[in-house]
Amino acid sequence: MILRAGLTGGIASGKSTVARMFAALGCVTIDADQIVTQLYQPGRAGHEALVRTYGESILTPDGAIDRRKLADVALATDADAKKLNALIHPLVIEEQARLIAAEEEAAGGDRIVIVEATLLIESGGKGRYDRIIVVDTYPETQVARAVARGMMREEAERRIARQMPREERLRYADYVIDSSGAMSGTEAATVRVYEALRRDLAAKKTPAT
């Protein structure tokens, strides 16, 4: 039996850190960003769709997708970003489903599968997962973390403004992991959610009476 959990949060909220913690606890983790990277490779469906839509000007000399050039033309406005998401999200969702199905087929026992994705809720994820986990922190903390990674403050603020508002995202959550404090606190919160997911999996196995 598999329990499907979606893991989401805003930019620089700590999703990847929490995903690694879940993996260390024994969960199977799937990273939507890694799927996108694979889909952008020459010969893959994402690469073909992008070139068909935006032309060869978004390619590097060796034919790969230049993500900076792509961002310049595909993320200039909210409408542009929605167009790109509408193009790529169905491909990502299809690949996620394939990976989860393969995991379910290969499973020798019960497993918790965690799918990490920034736009998980926006792409209709609430209906695809048994549970939604939101990694949450203050917007100012998100900006500080993004800047520490090398992003310009204005770019970080612009990306946060384009994402689902924090309050709205939290309304979709079955579980919330607060990542605003020390790493030890985030880890403890992740362990608590993991134990809750194990109970959810046990309940899923028990036939309703």
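Scroll up a little and you will see the structure.
Since the structure is predicted, the reported quantities are computational estimates derived from the model, not experimental observations.

Visitor: How would you summarise the overall build of the protein chain if you had to cite specific residues and measurements?
Guide: In terms of regular secondary structure, the protein chain is built from 9 helices and 5 strands. Taken from the N to the C terminus, the helices and strands of the protein chain come in the order β-α-β-α-α-α-α-β-β-α-α-α-β-α. Over its C-alpha atoms the protein chain spans a radius of gyration of 18 Å, differing by no more than 12% from the 17 Å that the globule rule assigns to 209 residues. By its C-alpha atoms, the protein chain is 55 × 40 × 25 Å across when sized along the principal axes. Across the 209 residues of the protein chain, 39% fall into the buried class. Intrachain contacts of the protein chain at a sequence separation of at least 6 include 73% that bridge at least 24 residues. For the protein chain, the exposed area adds up to about 11200 Å²; of that, 52% sits on carbon and sulfur atoms. The positive charge centre, built from 29 side chains, and the negative charge centre, built from 30, are 2 Å apart in the protein chain.

Visitor: Which residues make up the pattern of salt bridges, and what are the values?
Guide: In the structure shown here, the tally under the stated rule is 12 salt bridges. The shortest N-O distance in the salt bridge between Glu157 and Arg153 comes to 3.8 Å. Linking Glu157 with Arg153, this pair stays in helix α7 (residues 153-162), spanning 4 residues, or about one helical turn. A residue is classified by how much of its surface remains accessible, and Glu157, at 39% relative accessible area, is partly exposed. Between Glu155 and Arg159 there is a salt bridge, with the nearest N and O atoms lying 2.7 Å from each other. Taken together, the residues Glu155 and Arg159, both in helix α7 and 4 residues apart, mark about one turn of the helix.

Visitor: Before we move on, could you go through the packing of helix α3 (residues 45-54) against helix α5 (residues 78-106) and cite the residues and values that matter?
Guide: When two helices pack together, you describe them by how their axes are tilted relative to each other and by the distance separating the axes. Relative orientation of the contacting elements α3 and α5 amounts to 150 degrees, with a least axis distance of 9 Å. For the element pair α3 / α5, the angle class is roughly antiparallel. You can see that α3 and α5 cross each other, and the crossing is right-handed. Across the interface between the two elements, Ala45, Gly46, Ala49, Leu50, Thr53 and Tyr54 of α3 pack against Asp80, Lys83, Leu84, Leu87, Ile88 and Leu91 of α5. When grouped by side-chain class, the residues that make up the contact of α3 with α5 number 8 nonpolar, 2 polar and 2 charged.

Visitor: Now, about the nonpolar core: what can you tell me, with residues and values included?
Guide: Core analysis: the largest hydrophobic core is formed by 27 residues, its most contacted members being Tyr40, Leu50 and Leu70. Every element with two or more residues in this core is listed here: α2 (32-39), α3, α4 (67-74), α5, β3 (111-116) and β4 (131-136). Setting aside chain neighbours within four positions, we find Tyr40 in contact with His47, Leu50, Ile65, Arg67, Leu70, Leu84 and Ile88. In terms of nonpolar packing, the next biggest core, distinct from the first, is built from 19 residues, Ala5, Val135, Tyr175 and Leu201 among them.

What counts and how
Residues numbered from 1 in each chain as written. Predicted model: local features only at pLDDT ≥ 70, side-chain atom pairs only at ≥ 80, totals over all residues. Heavy atoms only, no water. Helix = DSSP H or I, 4+ residues; strand = E, 2+ residues; numbered from the N terminus. Rg over C-alpha atoms; globule rule 2.2 N^0.38 Å. Buried < 20%, exposed > 50% of the residue type's maximum accessible area, 1.4 Å probe, protein only. Contact = heavy atoms within 4.5 Å. Areas by Shrake-Rupley, 256 points an atom, 1.4 Å probe, with all protein chains shown as cover. Lys, Arg positive; Asp, Glu negative; His and termini not counted. Charge placed at Lys NZ, Arg CZ, Asp CG, Glu CD. Salt bridge = Lys/Arg side-chain N within 4 Å of Asp/Glu carboxyl O. Axes fitted to C-alpha atoms, helices over the stretch in contact; angles between N-to-C directions. Parallel < 35°, antiparallel > 145°, perpendicular 65-115°, else oblique. Left-handed = near helix turned anticlockwise from the far one by under 90°. Nonpolar A, V, L, I, M, F, W, Y, C, P; charged D, E, K, R; others polar. Core = buried A, V, L, I, M, F, W, Y, C linked by side-chain atoms within 4.5 Å.

Nothing here speaks to function; it is geometry throughout.
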